[in-house]
Amino acid sequence: GIADALEESEGLRCPILLHFGTEDAYIPLEQVNKIEQALGGRDGIEVRLYRAGHAFDNHEAPMFYDPEAAREAWGVTTAFLERELPAAPKR
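All values derive from a computational prediction rather than experimental measurement.

(A) Seen up close, the packing of aromatic side chains. For the structure shown, the criterion picks out two aromatic pairs. Each ring, one from Tyr26 and one from Phe64, has its centre 6.2 Å from the other, and the planes form 65°; the classification is edge-to-face. You can see Tyr26 sitting in the loop between strand 1 (16–21) and helix 1 (29–39) and its partner Phe64 sitting in the loop between strand 2 (45–50) and helix 2 (67–84), a full 38 residues away along the chain. Between Tyr50 and Phe56 the ring centres are 5.2 Å apart and the planes differ by 50°, which places this aromatic pair in the tilted class. Of the two residues, Tyr50 and Phe56, both sit in the buried class.

Structure, rendered in structure tokens:
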């Protein structure tokens, strides 16, 4: 439903990372492209695409799971979190 609510995106005030599979049968690529055009390039917002299908990081659903895309997305996610939401230093 993100592509249908992009008019509300101006109110976004937190870091956002979106992962999409370019071969997703449930979220058409035209919607992903619309989202990327509207949000991509804004500070703290990343839209990432992977050559994979829907739910590619769901290791409990072999029909969806794509280990290569999942591994890449996890690396992107941890880097994003370290950059955008760093842990407070220990005292």
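(B) Layout of the pattern of salt bridges. Tallied over the full model, the rule gives five salt bridges. In this structure, Glu10 and Arg42 form a salt bridge, with 4.0 Å as the shortest nitrogen-oxygen distance. Remark: Arg42 occurs in the loop between helix 1 and strand 2 and Glu10 occurs in the segment before strand 1; sequence separation between them is 32 residues. In this structure Glu10 comes out as exposed when scored by relative accessible area, which is 57%. Across the pair Glu46 and Arg83 runs a salt bridge whose closest N-O atoms are separated by 2.2 Å. Placement of Glu46 in strand 2 and of Arg83 in helix 2 is noted, with a sequence separation of 37 residues between them. The partly exposed category is assigned to Arg83, whose relative accessible area is 47%. Each of Glu46, Arg48, Arg83 and Glu84 takes part in a single network of salt bridges with overlapping partners.

The rules we used
Residues numbered from 1 in each chain as written. Predicted model: local features only at pLDDT ≥ 70, side-chain atom pairs only at ≥ 80, totals over all residues. Heavy atoms only, no water. Phe/Tyr/Trp six-rings, centres within 6.5 Å; stacked < 30°, edge-to-face > 60°. Helix = DSSP H or I, 4+ residues; strand = E, 2+ residues; numbered from the N terminus. Buried < 20%, exposed > 50% of the residue type's maximum accessible area, 1.4 Å probe, protein only. Salt bridge = Lys/Arg side-chain N within 4 Å of Asp/Glu carboxyl O.

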